[in-house]
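Architecture at a glance
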Amino acid sequence: MTTPKITARAKITARGVSVFYGANRAIDDVSIDVTQDEVVAFIGPSGCGKSTFLRTLNRMNDTIPSARVEGQIHLDGEDIYGPDMDVVQLRARVGMVFQKPNPFPKSIYENVAYGPRIHGLTQGKAALDEVVETSLRRAGLWDEVKDRLSDSGTALSGGQQQRLCIARAIAVDPEVILMDEPCSALDPIATAKIEELIHALKGRYAIVIVTHNMQQAARVSQRTAFFHLGHLVEFGATSDIFTNPKAERTKDYITGRYG
Amino acid sequence: MSKAIVPEVPTGTAEPVLRRPTDWSTQASRRRTRRRYAAERRFRVMGLAAVWLSVGFLVFLLASMLWQGVSGFTETRVALPIELRLDITPDRAAGRSGDLALAGAGLEGAVDAAATAAYGPGGAELLSDGAWLTVRDAVKADPTLLSRRFIAQIPVAADIDVAAKGEGTPDAEAQFARLSRAGVTSRGFDIDFLTHADSTDPTRVGIWGALKGSLLTMAVTLLLAFPIGTFAALYLEEYAPRNRWTDLIEVSINNLAAVPSIIFGLLGLAVFLGTFHLPRSAPLVGGLTLALMTMPVIVIAGRNAIKAVPPSIRDAALAVGASPVQVVFHHVLPLALPGIMTGTIIGMARALGETAPLLMIGMRAFIAAPPGGITDPATVLPVQIFLWSDEVSRGFIEKTSAAIIVLLVFLLAMNGLAIYLRNKFETRW
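Residues numbered from 1 in each chain as written. Chains lettered and ligands numbered in written order. Predicted model: local features only at pLDDT ≥ 70, side-chain atom pairs only at ≥ 80, totals over all residues.

Let's talk about the overall build of chain A
Helix and strand counts for chain A stand at 10 helices and 10 strands. Computed over its C-alpha atoms, the radius of gyration of chain A comes to 18 Å, within 12% of the 18 Å expected for a compact globule of 259 residues. With respect to the principal axes defined by its C-alpha atoms, chain A has extents near 55 × 45 × 35 Å. Relative to its 259 residues, chain A shows a buried fraction of 46%. (Helix = DSSP H or I, 4+ residues; strand = E, 2+ residues; numbered from the N terminus. Rg over C-alpha atoms; globule rule 2.2 N^0.38 Å. Buried ≥ 20, exposed ≤ 12 C-beta atoms within 10 Å, placed from the backbone.)

Written out as structure tokens, the structure is:
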């Protein structure tokens, strides 16, 4: 695997990233870059480290005491593990959507308004209302919930909850959205809606999506990274990965020989 | 890039073993089914029996307390015709130093004389020790009584009161029978029981002193133990690194919750009274001591409640850029609060019923006036119950039961408030 060249438009560049849980190396020397206007998919069998790598991109691994990150990750040229980086600000700039929908047990409105409120992004109620509406519209949820914004977010269906989580993430106007298997807990119809949403959000936000579902990776992403046992095996245009994989392991995985 | 890490797809299946389907209708199989049903039934019956047994004990306890205690809230009175010929002006009697003036003018003797006149020699013995105080209060309320004959409703002496309630000595019974034949006795609600403090005469005692002492003590306990316990639990769960020291602290807190309460009393005696020289018998010291005892309970319940908050909520908040403190105060604490409050109620209920540590810091003193603040000498309900149950006078038995009823009502009110608050916080979402 050769180190990809740093493109001028790169939003995130990771170079030689290794992640350790105690003495156990979960990610070994991964280099990758993500540009502003694309969707990058991470695929690979369970336990291959793709989620771990995703969580290094907004330092969510900091919450695990034994986790340690080596190598360099830059966001717009700033070292996110550097001493000057404020983690809180970083996470506002790099939003995240999780595997299981996890709305706060508060009203739908409060769920979306929470981020802008703690970061002081809006002045006054009207501005906040507008941000909530815009975010819900972008997440394709507005028409379904506009009449019951004060209902609890946890009362929505699974797919709606996940879109609410996406609305919550985009309400703080991030530059990158990380999605950790966002559809694995959803039925096919809800999944299709999320995928449409990813298409709609592409270009506005750089999106990195971890998925178990290879068809999904093929449908939503422009570039795909294949992880196996903590190594980045292959990273390239999605069409190449699925039609003309270079590595033997990638071929075996996408043809369903293991995973 | 090795191929070995790719597992081989299994090829060729093993010869299937020929196997008859299980026969579920054999004797042994039926017996197993029967035994399973029997075990099920046994468990239900035992569970139900346990529940009914506890309900039975509870009902027995409450019923016997009510039966014994309700009469403690009533008093027997006699109608005493009285004409005061005191050398005192109505203005002075109603004035600020009226108590002293009336006592100095010989009110007590006048009341005794009226009793002797009305019921013959020994008539004064029929009345409560505080009979003249009742007359005094009446005169102060209406100074015109000084210049005319009137009939006062006076509480009877303790032994007569007991006789009126059917438990007295033959002598007292006879005297009560004489009075009631004369048609001068009556029965009424003893409002003084709810407004007065301790006394040596069972007809004069009140629970208010102890109740107020309990209220003040609980307030001090809650104000100290709840915030300290909650913050300790939050810090230990959310911030403290997992190492030997936090393990040690955890074990110590668990041990503290199991320490006998009298030890906390000794600690309070040594530290708060001995070292800090805080006032003896005061709700402040009682509250401090009980807070020490309640805090570990709140910490343990709080940590469990905080552990039960799903990590996905923390992740969600962190991922939109909440700082750790915001995560704790916006999400973890509100979600854990109902659980923390449950722990607090359990701790406070235990503290409310606690006697032993308070005996050590001097809250068993005879206190005849309700405390005015947290530094005044006071006693608390359970200690008051303990003291009254120790009294020789027969009249204290029903007062003890009545005090127990007050304590139970206090406890119920406290739990009711806590449940209300808990539900309120839970439905806020």
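Let's pick the thread back up.
Overview of the sheet that holds strand β9 (residues 223–228) of chain A
Residue and element names in this part refer to chain A. Reading across the sheet, the 6 strands line up as β6-β7-β8-β3-β9-β10 and stay open at both edges, with mixed pairing between neighbours. The open sheet has two free edges, formed respectively by β6 (94–97) and β10 (231–237), since each of these has just one partner strand. Taken pair by pair, the neighbouring strands of this sheet meet at an average axis angle of 15°, ignoring direction. Across 5 bridges, strand β7 (residues 176–180) lies against strand β8 (residues 206–210) in parallel orientation. By the bridge assignment for β8, L178 is matched with V208. (Pairing = 2+ DSSP bridges. Axes fitted to C-alpha atoms, helices over the stretch in contact; angles between N-to-C directions.)

Quick notes on the interface of chain A and chain B
With 31 residues of chain A in contact, the opposing surface of chain B contributes 22 residues. At the level of elements, α2 (87–93), β6, α3 (108–119), α6 (158–171) and α10 (248–254) of chain A are the ones that each hand at least two residues to the side of chain A that touches chain B. Taken together, the residues of the side of chain A that touches chain B break down into 15 nonpolar, 8 polar and 8 charged. (Contact = placed C-beta atoms within 7 Å. Nonpolar A, V, L, I, M, F, W, Y, C, P; charged D, E, K, R; others polar.)

Brief notes about the pairing of β8 of chain A
Two faces make up the sheet, and in a regular strand the side chains alternate between them. Residue and element names in this part refer to chain A. Taking burial as the measure, the 5 residues of β8 include 5 buried ones, the bulk of the element. In this sheet, β8 lies alongside strand β3 (residues 39–43) in parallel orientation, the contact comprising 4 bridges. Its bridge partner lying in β8, F42 is registered against V210. The parallel pair β7 and β8 is bridged by helix α7 (residues 188–201), and the resulting crossover is right-handed. (Right-handed = clockwise from strand over helix to strand, strands pointing away.)

A look at the environment of S128 of chain B
Residue and element names in this part refer to chain B. With respect to the helices and strands, the residue S128 is situated in the loop between α5 (123–126) and α6 (131–141). What makes S128 buried here is the crowd of 24 C-beta atoms within 10 Å. Taking the C-alpha atoms as reference points, S128 and V380, 252 residues apart in sequence, are found 25 Å from one another.

What about the environment of A103 of chain B?
Residue and element names in this part refer to chain B. Relative to the helices and strands, A103 resides in helix α3 (residues 98–104). C-beta crowding within 10 Å serves as the criterion here: with 13 such atoms nearby, A103 is assigned to the partly exposed category. Expressed as a C-alpha distance, the spacing of A103 and A93, which sit 10 residues apart in the sequence, is 9.8 Å.

Brief notes about the packing of α6 of chain A against α7 of chain A
All names here are of chain A. Contact geometry of α6 with α7 gives a least axis separation of 9 Å together with a crossing angle of 20°. On the basis of the axis angle, α6 is roughly parallel to α7. Judged by the sense of rotation from one axis to the other, the crossing of α6 with α7 is right-handed. Together, G158, G159, Q162, R163 and I166 of α6 and A190, K193, I194 and L197 of α7 make up the contact between the two elements. Its residues assigned to classes, the contact of α6 with α7 shows 4 nonpolar, 3 polar and 2 charged. (Parallel < 35°, antiparallel > 145°, perpendicular 65-115°, else oblique. Left-handed = near helix turned anticlockwise from the far one by under 90°.)

A closer look at the nonpolar core
Grouped together as the largest cluster of nonpolar side chains are 81 residues, with contacts concentrated most on F42, A167, L178, I207, V208 and I209 of chain A. Apart from the residues within four sequence positions on either side, A167 of chain A is in contact with V112, S135, L136, A139 and L141 of chain A. With 62 residues, the next largest nonpolar core counts I207, V332, L335 and I385 of chain B among its residues. (Core = buried A, V, L, I, M, F, W, Y, C linked by C-beta atoms within 7 Å.)

Digging into the sheet that holds strand β2 (residues 24–35) of chain A
Residue and element names in this part refer to chain A. Taken in spatial order, the 4 strands line up as β2-β1-β4-β5 in an open sheet, and their pairing is antiparallel. Looking at which strands have only one partner, the edges of the open sheet turn out to be β2 and β5 (78–79). Alignment of strand β1 (residues 10–21) against strand β4 (residues 67–75), held across 8 bridges, turns out to be antiparallel. Residue pairing for β4: Y21 is matched across the bridge by A67.

Considering helix α4 (residues 107–119) of chain B
Residues and elements named next belong to chain B. In this model α4 runs 18 Å from its N-terminal to its C-terminal C-alpha over 13 residues, within 8% of the 18 Å that 1.5 Å per residue would give. Those residues of α4 lying buried are L107, V111, A114, A115 and Y119. Viewed along the axis of α4, the buried residues span an arc of 100°, placing them on a single side of the element. Directly beyond the C-terminal end of α4, a positive phi value near 85° is found at G120. (Expected span 1.5 Å × (residues − 1). Arc of directions from axis to C-beta.)

Here we look at the packing of helix α12 (residues 261–275) of chain B against helix α13 (residues 283–307) of chain B
Residue and element names in this part refer to chain B. Running from N to C, α12 and α13 point in directions that differ by 130°, and their axes come no closer than 9 Å. Comparing the axis directions of α12 and α13 gives the class oblique. Relative to α13, the crossing made by α12 is right-handed. Contact with α12, carried on its side by S261, F264, G265, L267, G268, F272 and L273, involves V285, L288, T289, L292 and M293 of α13 and no other residues of that element. Its residues placed into classes, the contact of α12 with α13 shows 8 nonpolar, 4 polar and no charged.

Re α6 of chain A
Residues and elements named next belong to chain A. For α6, with 14 residues, the first-to-last C-alpha span of 20 Å sits near the 20 Å given by 1.5 Å per residue. In terms of burial, α6 is a largely internal element, 13 of the 14 residues being buried. Just past α6, the residue D173 takes up positive phi, approximately 55°.

Brief notes about the confidence of the model for chain B
Overall, the predicted model of chain B reaches an average pLDDT of 87, with 95% of residues at or above 70. The complex prediction reports pTM at 0.82, with the ipTM value standing at 0.90. (pLDDT = per-residue confidence, 0-100.)

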